[in-house]
Amino acid sequence: MSPGRVDTRDWELELKGIELRRRLLEVIHQAGAGHTGGGLSCLDILIVLYHRILNVSPETVEDPGRDRYVQSKGHSVEALYCVLADRGFFPWSDLETLCRYRSPYVGHPTRHVRGIEMNTGALGHGLSICVGMAWAGQRDRATYRVFTLLGDGELAEGSVWEAAMAAAHYQLDNLIAIVDHNGLQITGPTRQVMSPEPLEDKWRAFGWTVRRVNGHDYVRLTEVLRQPPEHGRPTVVIADTVKGKGISFMEGVARWHHGVPNAEELARARAELDEAERRLRAERALLARGVLTA
């Protein structure tokens, strides 16, 4: 085995990604509603944020010094619910009430759910909220950072670019925006509906530091999100992802934007995830024994 080979993989998070994909699909199936494709595309980003990056936990959720995360693409809230439950912000059994009468677990984030900072869902609002949070932290000389996740289709909202301009103007280097760049929205390919390209050039023109990464590579995501900011400049991470990631018949298929798996589709997806886990564990064991080499 080549030295350092195992260190190029985050085995814990890779297994976590498979586990939480199962949970996500089961939660959406049981509720009969949800945004499956976008949840699967952003799930790995959320896993890295809550397991490797954010200075927040169930014990510090009300600490003034905690990092803030706001999910601007609020329609993919089921993925956020699963990651928060996995981290212990609330019990998994709470999600059995998803989309039921009087449950706080609805189809968009609300502050009635422990661990959620702000109500979101009307696209284009999250970055503006985070600009306010980051500006307040800057004025208070606080050490917390502010993170938000936007969809690439969401970038058609003008309020995103007003917020981007304000963030650069106020030199908010404590602000990190992540774009879930999966290339699909509810009506089709984002480039055809309202192209946001060239993304990197646009964000740079607005005064941001731009970083790009494979949004499903746990190690690279962690490295990029841990990089210190450039002084006086907010950071945007363009995370290239696949809508429906991890389930072969959902990947890159627009109908899964708001599709809900039926019992047969759920069984097919579970079988794929079970096989992915089997292969991953086998590969890890072989590498550990030196049977496989880099």
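Criteria and thresholds
- Residues numbered from 1 in each chain as written.
- Predicted model: local features only at pLDDT ≥ 70, side-chain atom pairs only at ≥ 80, totals over all residues.
- Heavy atoms only, no water.
- Helix = DSSP H or I, 4+ residues; strand = E, 2+ residues; numbered from the N terminus.
- Rg over C-alpha atoms; globule rule 2.2 N^0.38 Å.
- Contact = heavy atoms within 4.5 Å.
- Areas by Shrake-Rupley, 256 points an atom, 1.4 Å probe, with all protein chains shown as cover.
- Lys, Arg positive; Asp, Glu negative; His and termini not counted.
- Charge placed at Lys NZ, Arg CZ, Asp CG, Glu CD.
- Pairing = 2+ DSSP bridges.
- Axes fitted to C-alpha atoms, helices over the stretch in contact; angles between N-to-C directions.
- Core = buried A, V, L, I, M, F, W, Y, C linked by side-chain atoms within 4.5 Å.
- Buried < 20%, exposed > 50% of the residue type's maximum accessible area, 1.4 Å probe, protein only.
- Expected span 1.5 Å × (residues − 1).
- Salt bridge = Lys/Arg side-chain N within 4 Å of Asp/Glu carboxyl O.
- Parallel < 35°, antiparallel > 145°, perpendicular 65-115°, else oblique.
- Left-handed = near helix turned anticlockwise from the far one by under 90°.
- Nonpolar A, V, L, I, M, F, W, Y, C, P; charged D, E, K, R; others polar.
- Right-handed = clockwise from strand over helix to strand, strands pointing away.

Engineer: Account for the overall build of the protein, with residues named and values stated.
Structural biologist: Within the protein, the secondary structure is distributed over nine helices and seven strands. Taken over the C-alpha trace, the protein has a radius of gyration of 19 Å; the compact-globule value for 294 residues is 19 Å, and the two agree within 12%. Taking the contacts inside the protein whose residues are at least 6 apart along the sequence as the reference set, 76% of them involve residues at least 24 apart. Summing over all exposed atoms, the protein offers an accessible surface of approximately 13,200 Å²; the carbon and sulfur share of this is 49%. Across the protein, the centroid of the 36 positively charged side chains sits 1 Å from that of the 38 negatively charged ones.

Engineer: Any details on the side chain of E14? Residues and values, ideally.
Structural biologist: Structurally, E14 is set in helix α1 (residues 11–31). Once you skip the residues sitting within four places of it in the chain, E14 turns out to touch R9, Y218 and L280.

Engineer: If you had to explain the sheet that holds strand β2 (residues 146–151) to someone new, which residues and values would you point to?
Structural biologist: Sheet architecture is open: five strands sit in the order β1-β2-β3-β7-β6, paired in parallel fashion. In this open sheet, the two edge strands, each paired with only one partner strand, are β1 (68–71) and β6 (209–214). For this sheet, the mean inter-axis angle between neighbouring strands, taken without regard to orientation, is 20 degrees. Against the sheet, helix α4 (residues 126–139) touches β1, β2 and β3 (175–181), its axis set at about 170 degrees to β2. Its contacts with the sheet place helix α8 (residues 218–226) against β3, β6 and β7 (235–240), and it is angled at close to 165 degrees to β6.

Engineer: Talk me through the nonpolar core; I want residue IDs and the actual numbers.
Structural biologist: Core analysis: the largest hydrophobic core is formed by 58 residues, its most contacted members being L49 and Y50. Looking at this core element by element, the count peaks at 10 residues for helix α2 (residues 36–53). With residues near it in sequence (within four places) discarded, Y50 still touches V56, Y69, L80, V83, L84, R87, F89 and G115. Grouped together as the second largest cluster of nonpolar side chains are 26 residues, V146, A163, A167 and L172 included.

Engineer: A description of α1 should follow, citing residues and the corresponding values.
Structural biologist: With 21 residues, α1 should cover 30 Å at 1.5 Å per step; its first-to-last C-alpha distance of 30 Å lies within 8% of that length. Downstream of α1 by one or two residues, G32 has phi in the positive range, about 75 degrees.

Engineer: Could you give me a rundown of the pattern of salt bridges, with the residues and numbers involved?
Structural biologist: A full pass over the atoms with the stated rule returns 21 salt bridges. For R22, the salt bridge goes to D274, with nearest N and O atoms at 3.0 Å. Taken together, the residues span a long stretch of sequence, with R22 in helix α1 and D274 in helix α9 (residues 263–289) at a distance of 252 residues. R66 is paired through a salt bridge with E117; the nearest N and O atoms lie 2.8 Å apart. Taken together, the residues R66 in the loop between α2 and β1 and E117 in the loop between α3 (77–87) and α4 connect sequence positions 51 residues apart. For the pair formed by R66 and E117, the shared burial category is buried.

Engineer: Got a sec to walk through the packing of α2 against α3? Specific residues and values, please.
Structural biologist: In contact at an axis separation of 9 Å, α2 and α3 are set at 30 degrees when each is read in the N-to-C sense. Accordingly, the angle class assigned to the pair α2 and α3 is roughly parallel. Crossing handedness for the pair α2 and α3: right-handed. Taken together, the residues of α3 that come into contact with α2 (itself represented by G39, C42, L43, L46, I47, Y50 and H51) are A79, L80, V83, L84, D86 and R87. Split into classes, the residues belonging to the contact of α2 with α3 amount to nine nonpolar, two polar and two charged.

Engineer: Outline α3, supporting the account with residue identities and numerical values.
Structural biologist: The element α3 is largely enclosed, with a buried count of 10 among its 11 residues. Taken residue by residue, α3 has V77, E78, A79, L80, Y81, C82, V83, L84, A85 and D86 as its buried positions. Check the buried side of α3 and you find it contacts α1, α2 and β1. Just downstream of α3 lies G88, where phi reads positive at about 95 degrees.

Engineer: Break down the pairing of β7 for me, with residues and values.
Structural biologist: With five of six residues buried, β7 is to be regarded as a mostly interior element. Pairing analysis gives six bridges linking β3 to β7, with the strands arranged parallel. Along β7, the bridge assignment pairs V179 with I238. Sheet topology note: the β6/β7 ladder contains six bridges and is parallel. Residue pairing in the sheet places T209 in a bridge with T235 of β7. Taking the sense of rotation as the criterion, the β-α-β connection linking β6, α8 and β7 turns out right-handed.

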